[in-house]
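Tertiary structure, described
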Amino acid sequence: MVAAETAPAGLVLLSYPLHSPGHPEQLRVEHWPRIECPVLVLAADRDQFARVELLRQSVPLLADVELHLYPGARHGLQHVADDVARRIAEFTSRL
């Protein structure tokens, strides 16, 4: 939400809680259209906090977005921490 009110160079969303588990009808994206900076979204494709089809539908609300999904994973990206760190480093080097 802070990124929607300020002008950061970029934003990284790690396992963004798009909705509460079991409540996909309550998306947390109302502020996304106001985010103008580049955004890197790293998420698991089986995350109970972000159904993948809803995430794919929602990311176009962001003006400049890169989405990467980790197959077969649930909420949390600890098991792919090395890849997450690499992607964040590459993203921030482009800012």
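The following paragraphs examine the structure supplied in this document.

What counts and how
Residues numbered from 1 in each chain as written. Predicted model: local features only at pLDDT ≥ 70, side-chain atom pairs only at ≥ 80, totals over all residues. Heavy atoms only, no water. Helix = DSSP H or I, 4+ residues; strand = E, 2+ residues; numbered from the N terminus. Rg over C-alpha atoms; globule rule 2.2 N^0.38 Å. Salt bridge = Lys/Arg side-chain N within 4 Å of Asp/Glu carboxyl O. Buried < 20%, exposed > 50% of the residue type's maximum accessible area, 1.4 Å probe, protein only. Core = buried A, V, L, I, M, F, W, Y, C linked by side-chain atoms within 4.5 Å. Contact = heavy atoms within 4.5 Å. Pairing = 2+ DSSP bridges. Axes fitted to C-alpha atoms, helices over the stretch in contact; angles between N-to-C directions.

Let us look at the overall build of the chain. The number of helices and strands found in the chain is three helices and three strands. Counting from the amino terminus, the chain carries its helices and strands in the arrangement α-β-β-α-β-α. For the chain, whose C-alpha radius of gyration is 13 Å, the value lies close to the compact-globule estimate of 12 Å for 95 residues. Principal axes of the C-alpha set define a box for the chain whose edges measure 35 × 30 × 20 Å.

We now examine the pattern of salt bridges. Inspection of the entire model under this criterion finds five salt bridges. A salt bridge links Glu90 to Arg86; the shortest N-O distance between them is 2.9 Å. Residue Glu90 and its partner Arg86 are both found in helix H3 (residues 81–94); the two are separated by four residues, about one turn of the helix. Residue classification places Glu90 among the partly exposed residues on the basis of a relative accessible area of 36%. Here the salt bridges share partners, and the residues they tie into one network are Asp83, Arg86, Arg87 and Glu90.

Turning next to the nonpolar core. Note on soluble globular proteins: their nonpolar side chains tend to be buried together. Of all hydrophobic cores here, the largest spans 20 residues; its most connected members are Leu11, Leu13, Leu18, Trp32, Ile35, Val39 and Leu55. Among residues more than four places away in sequence, those in contact with Leu18 are Gln26, Leu27, Arg28, Val29, Trp32, Phe49, Ala50, Arg51, Leu54, Leu55 and Ser58.

The three strands lie next to each other as S1-S2-S3, forming an open sheet whose pairing is parallel. Because the sheet does not close on itself, it has two edges, and the strands there are strand S1 (11–14) and strand S3 (64–70). Put simply, the sheet's adjacent strands are angled 15 degrees from each other on average, direction ignored. Two elements, strand S2 (residues 38–44) and S3, share seven bridges in a ladder whose sense is parallel. Across the sheet, residue Leu42 finds its bridge partner in S3, namely His68. The strands touched by H3 within the sheet are S1, S2 and S3, with S2 carrying the most contacts at an inclination of about 170 degrees.

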